[in-house]
Amino acid sequence: MSFKSLGLSDPLLKAIEKKGYTTPSPIQEKCIPVVLQGKDVLASAQTGTGKTAGFTLPLLQILSGVQTPQKRPIRALVLTPTRELAAQILENVKEYSTFLKIKSTVIFGGVKQGPQVNTLRSGVDVLIATPGRLLDLIDQGYISLKDVEILVLDEADRMLDMGFLRDIKKVLALVPDKRQNLLFSATFSKDIKKLAGGFLNNPVLVEATPENTTAEKVNQQIYHVDKVKKRAIIIQMIKEGDWQQVLVFTRTKHGANKLCEKMVSAGITAAAIHGNKTQGARTKALAGFKAGTIRVLVATDIAARGIDIPLLPHVVNFELPNVPEDYVHRIGRTGRAGANGIAISLVSHDEVAYLKDIEKLLKQKLPSGYIEGFEQGEAPKEDPNDKKPQNHSPRKPRNKSGGSNWGKAKSNNSGGRNNNSNRRTTNK
Ligand code: AMP
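Just so we're clear, the structure is a prediction, and the values are computed from it rather than from any experiment.

Caption draft 1: The environment of arginine 179, seen in detail. Take arginine 179: it is sitting in the loop between helix H8 (165-174) and strand S6 (180-185). The class for arginine 179 is buried, based on a relative accessible area of 17%. Considered as a pair, arginine 179 and arginine 75 are 104 residues apart in the sequence and their alpha carbons are 9.7 Å apart. Here the side chain of arginine 179 touches asparagine 181 through a polar contact of 2.5 Å, side chain to side chain.

Laid out in structure tokens, this is it:
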């Protein structure tokens with residue numbers, strides 16, 4: 001299957017080529033032709049599946065098919081939960097519209113509205129927005145949605161989690177009745193189904209991965225550890241494994257800060273992103289992480305939503321999320337675009353119930369083990385090279401890629417001794 005056979009026009013094919021994509025991803029294969037036909041879409045897709053191009057490419061083709069009116073009204077509106085995601089979608093829209101006469105911009109809160117208003121004044125065809133700032137600017141009379149032809153709700157489940165349902169409803173009341181609607185969501189709760197039922201018109205269902213399952217290319221590893229030893233473990237993992245790009249999830253903003261401080265004092269470049277950080281700090285942290293100057297990004301679920309870092313090799317759940325769907329979102333950051341990834345979860349005794357919920361959601365038992373010296377109730381060793389008598393033999397982990405050794409992502413030293421460590425992993 002080629003992008004051309006999906007019915008995309010030459011200027012878009014040229015932009016795709018420039019971007020370096022050769023084959024459409026499954027979601028793109030399914031989504032692009034349906035959107036081009038003008039149909040509503042209800043898509044189950046998480047970040048990492050190529051969903052952004054899945055809706056952006058046909059959207060741009062539809063808009064470019066008609067002569068742009070002199071005074072450009074907003075003809076396509078993309079609503080997203082977070083500023084980071086909004087900025088990334090704009091980046092994609094700009095790249096894909098390189099050879100088209102389409103103007104686009106983004107608006108989100110946390111920054112001054114002046115520059116955003118100025119861009120809007122000059123007229124844009126595509127607006128990407130977070131709900132709060134959008135409604136603000138509508139109230140102030142800077143934005144009209146009366147010419148919107150295509151409405152996209154991206155990461156709709158996240159928007160509901162973040163309490164944007166009322167805002168979404170307000171927006172729905174301001175767009176014309178006759179329009180095309182596209183809704184993307186990683187998970188399908190009752191609330192999402194209700195929302196979708198309320199405004200989608202005979203939608204075509206498009207699924208990238210089966211509902212609530214995790215990407216096959218992700219090697220998931222669970223380690224039962226002592227809560228107080230988690231910081232020491234993760235620092236050691238990163239150092240011994242020589243991991244250069246790790247996304248770590250914590251449950252709280254405070255926890256993210258604390259862990260980040262520990263990393264930095266252990267000599268690992270790290271930054272935290274969460275809701276209490278300014279937009280500037282978040283953008284800087286993300287840019288540093290992408291550029292490789294920051295090795296570890298510690299994030300809360302909300303802050304990490306939709307951030308696009310292709311080919312992320314390691315994701316660590318420092319704490320398990322208490323909402324099982326968030327586990328799916330978190331590990332969706334790794335094993336992307338055809339690359340293998342490792343998702344490690346450090347589970348302390350008080351989190352076992354969360355693990356059970358996750359396994360129930362995934363309908364599978366995750367391979368689990370322990371790290372010698374860091375199990376519940378055992379003191380961590382001072383010297384990782386200090387050999388200790390072993391009273392259990394390493395066994396092969398249940399995960400098929402056999403990568404239970406966290407020391408090296410590429411290593412297949414499954415369950416055995418790490419060259420420079422006395423720790424071993426095994427199945428429980
Ligand atoms: P998304 O799910 O939209 O966040 O996209 C995830 C990543 O995959 C982004 O870095 C995209 O640039 C990349 N991507 C999207 N479509 C393709 C494709 N057809 N081939 C290769 N990479 C892609």
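Caption draft 2: Highlighting the site of the ligand. Of all residues adjacent to the ligand, which total 16 residues, the nearest are Tyr21, Gln28, Gly48, Gly50 and Thr52. In the model, an oxygen atom of the ligand is placed 3.1 Å from a nitrogen or oxygen of the threonine 49 main chain. Lysine 51 places a main-chain nitrogen or oxygen 3.3 Å from an oxygen atom of the ligand. Coverage of the ligand by the protein amounts to 84% of the 500 Å² it exposes when considered alone. Tallied by class, residues from the shell around the ligand come to 4 nonpolar, 8 polar and 4 charged. In terms of domain composition, the shell around the ligand takes at least three residues from each of domain 1 (4-207) and domain 2 (218-386).

Caption draft 3: Representation of the packing of helix H6 (residues 131-139) against H8. Relative to each other, H6 and H8 sit at 45 degrees, their axes nearing to 10 Å. The pairing of H6 with H8 is recorded here as oblique in orientation. Crossing angle aside, the handedness with which H6 passes H8 is left-handed. Between H6, through Pro131, Gly132, Leu134, Leu135 and Ile138, and H8, the contact on the second element is made entirely by Asp167, Lys170, Val171 and Leu174. Taken together, the residues of the contact of H6 with H8 break down into 6 nonpolar, 1 polar and 2 charged.

Caption draft 4: Expanded view of the pattern of salt bridges. Applying the stated criterion across every chain, the model contains 16 salt bridges. With its nearest N and O atoms 3.0 Å apart, the salt bridge here joins lysine 51 to aspartate 154. Here lysine 51, found in helix H3 (residues 51-64), pairs with aspartate 154, found in the loop between strand S5 (150-153) and helix H7 (156-161); they are 103 residues apart in sequence, far enough to count as distant. Here aspartate 154 falls in the buried class, since its relative accessible area comes to 0%.

Caption draft 5: The sheet that holds strand S7 (residues 204-207), seen in detail. The 7 strands lie next to each other as S3-S4-S2-S5-S6-S1-S7, forming an open sheet whose pairing is parallel. Among the strands making up the open sheet, the edge pair consists of strand S3 (104-107) and S7. Between one strand axis and the next, the sheet turns by 15 degrees as a mean value, whatever way the strands run. Summarising the sheet, strand S1 (residues 41-44) and S7 pair through 4 bridges and their orientation is parallel. Paired with serine 44 across the strands is glutamate 207, a residue of S7.

Conventions and cut-offs
Residues numbered from 1 in each chain as written. Predicted model: local features only at pLDDT ≥ 70, side-chain atom pairs only at ≥ 80, totals over all residues. Heavy atoms only, no water. Helix = DSSP H or I, 4+ residues; strand = E, 2+ residues; numbered from the N terminus. Buried < 20%, exposed > 50% of the residue type's maximum accessible area, 1.4 Å probe, protein only. Polar contact = N/O pair within 3.5 Å; in protein donor to acceptor, adjacent residues only side chain to side chain. Near = heavy atom within 4 Å. Areas by Shrake-Rupley, 256 points an atom, 1.4 Å probe, with all protein chains shown as cover. Nonpolar A, V, L, I, M, F, W, Y, C, P; charged D, E, K, R; others polar. Domains from an automatic or database assignment. Axes fitted to C-alpha atoms, helices over the stretch in contact; angles between N-to-C directions. Parallel < 35°, antiparallel > 145°, perpendicular 65-115°, else oblique. Left-handed = near helix turned anticlockwise from the far one by under 90°. Contact = heavy atoms within 4.5 Å. Salt bridge = Lys/Arg side-chain N within 4 Å of Asp/Glu carboxyl O. Pairing = 2+ DSSP bridges.

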